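Structural overview for review
In case you want the letters, here they are:
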Amino acid sequence: MSILYQGGSEPPRDCPLCPRLHDFIAEWRAREPEWHNAPVPTFAPAEGDEKARLLIVGLAPGVRGANRTGRPFTGDYAGTLLYGTLERFGFARGRFDARPDDGLELVDTAITNAVRCVPPENKPVGSEIRTCRQHYFMPTIERFPNLKAIVSLGTIAHQSTVRALGLAVKDYPFSHGCEHDGGRLRLFASYHCSRYNTNTGRLTEEMFVEVFGRVREFLGEW
């Protein structure tokens, strides 16, 4: 089974660095004491960090999704599209059942969020994005020695990824399906696979699948 990493790149359960997010999580702990209600750790392959060649970066946990279950993109619609697409291209195996104990495993892939704690209204502010990037997102990128590609889901995740790599956002603009040479890493981007984006037609399954098809072509087989 793929693992939820707990180490130097992971925030503690009661991370105090972003007071607004800390207080929001405390409110949800009081309301739903059985939920995860803490920073959501990176989901990585059980075979070890050296196996991860692809990193997928979301924005932040959803309040009733990853904040509830403790695994990225688990518990809401976004995970159904994401994990189904990963399985299609061999980046995951097993059955995704929207539960952290469903037995799903990642293959050559890790999944994280630019902001590890659930934000009110799914909208982190600039200082929270910057703090999480400096303390946790940048170390997360560095912990995978064989990383070759990053897929960022949405503008904020893309921009935080570019900044985490020490690059200028103006030189690496976001658009759905964009692809950039980030030096040692190839950067891909997609609209976020949220129900809102798919319901409004901004993102179709075909558009999403096309991005990961190009990622698979770039990486080839292990």
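Use the structure listed above.
Sequence order as written defines the numbering, with residues in each chain counted from 1. Totals for whole chains, interfaces and linings use every residue, but because this is a predicted model, local features are given only for residues with pLDDT of at least 70 and side-chain atom pairs only at 80 or more, for both listing and counting. To get the side-chain values, take all heavy atoms of the structure and skip hydrogens and water.

1. Some points on the overall build of the chain
Looking only at helices and strands, the chain features seven helices and nine strands. All radius of gyration figures rest on C-alpha atoms, and the globule criterion is 2.2 Å times the number of residues raised to 0.38. On C-alpha atoms alone, the chain measures out to a radius of gyration of 16 Å, which is about the 17 Å that the 2.2 N^0.38 rule sets for 222 residues. A 1.4 Å probe rolled over the protein chains alone gives each residue an accessible area, and that area as a share of the maximum for its type sets the label: buried under 20%, exposed over 50%, partly exposed in between. When each of the 222 residues of the chain is scored for burial, the buried share is 54%. Residue contacts are counted whenever heavy atoms from the two residues lie within 4.5 Å of one another. In the chain, the share of contacts with a sequence separation of at least 24, taken over all contacts with a separation of at least 6, comes to 71%. Accessible area for the chain stands at about 9,800 Å²; split by element, carbon and sulfur atoms hold 49% of it. Charged residues are defined here as Lys and Arg on the positive side and Asp and Glu on the negative side; His and the ends of the chain fall outside this count. In plain terms, the charge of a residue is placed at NZ if it is Lys, CZ if Arg, CG if Asp and CD if Glu. Separation of charge centres in the chain, based on 27 positive and 27 negative side chains, amounts to 3 Å. Secondary structure counts use DSSP, requiring at least four H or I residues in a row for a helix and at least two E residues in a row for a strand, with both numbered from the N terminus. Surface exposure here means Shrake-Rupley accessible area, sampled with a 1.4 Å probe, where a residue is shielded only by the protein chains that are shown.

2. Details of empty space enclosed by the protein
Grid points spaced at 1 Å over the protein atoms alone were grouped into cavities, where a 1.4 Å probe fits but cannot get out, and pockets, open sets with protein on both sides within 12 Å along at least five of seven lines, with lining residues defined by an atom within 4 Å of a point. Grid points are joined across faces, edges and corners, and a volume is the space filled by probe spheres set on the points. What the rule picks out here adds up to one cavity of 30 Å³ or more. Forming the walls of the largest cavity are Pro-11, Cys-15, Leu-17, Cys-18, Leu-21, His-22, Val-115, Arg-116, Cys-117, Thr-131, Cys-132 and Tyr-136. Listed by contribution, the elements that provide at least two residues to the lining of the largest cavity are α1 (19-31) and α4 (126-142). Its residues assigned to classes, the lining of the largest cavity comprises nine nonpolar, two polar and one charged. Amino acid classes used here: Ala, Val, Leu, Ile, Met, Phe, Trp, Tyr, Cys and Pro are nonpolar; Asp, Glu, Lys and Arg are charged; the rest, including Gly, are polar.

3. Points about the packing of aromatic side chains
Stacked, tilted and edge-to-face are the three classes assigned to paired rings of Phe, Tyr and Trp, where Trp is represented by its six-membered ring and a pair needs centres within 6.5 Å; plane angles under 30 degrees give stacked, over 60 edge-to-face, the rest tilted. Under the definition given, this model contains six aromatic pairs. Seen from their ring centres, Trp-28 and Trp-35 are 5.3 Å apart, and the 10° between their planes marks the pair as stacked. You can call Trp-28 buried: its relative accessible area is 5%. For Trp-35, a relative accessible area of 17% gives the class buried. Judged by centre distance (6.0 Å) and plane angle (55°), the rings of Phe-174 and Tyr-191 are tilted. Here the residue Phe-174 occupies a position in the loop between α5 (155-164) and β8 (179-181), and Tyr-191 occupies one in the loop between β9 (186-190) and α6 (195-199), the gap between them amounting to 17 residues.

4. Focus on the nonpolar core
A general feature of soluble globular proteins is that nonpolar side chains tend to end up buried together. Of all hydrophobic cores here, the largest spans 28 residues; its most connected members are Ile-56, Leu-82, Tyr-83, Leu-86, Ile-111 and Cys-193. Counting only elements with at least two residues in this core, the list comes to β3 (54-58), α3 (77-88), β7 (149-153) and α7 (205-219). Among the elements that take part in this core, α7 stands out by supplying six residues, more than any other. Residues in contact with Cys-193, not counting those within four places in the same chain, are Phe-73, Tyr-77, Ala-78, Leu-81, Leu-82, Leu-153, Leu-203 and Phe-208. With 17 residues, the next largest nonpolar core counts Phe-144, Ala-164, Tyr-172 and Leu-187 among its residues. Take the buried Ala, Val, Leu, Ile, Met, Phe, Trp, Tyr and Cys residues and link them wherever side-chain atoms come within 4.5 Å; each set so joined is a nonpolar core.

5. As for the pairing of β3
Buried residues dominate β3, accounting for five of its five residues. Side chains Leu-54, Ile-56 and Gly-58 of β3 all project onto a buried face; the interleaved residues Leu-55 and Val-57 project onto the opposite face, where all are buried too. Should DSSP find at least two bridges between two strands, the strands are taken to pair. Note: β3 against strand β6 (residues 109-113), five bridges, orientation parallel. Within β6, the position partnered with Leu-55 by the bridge is Ala-110.

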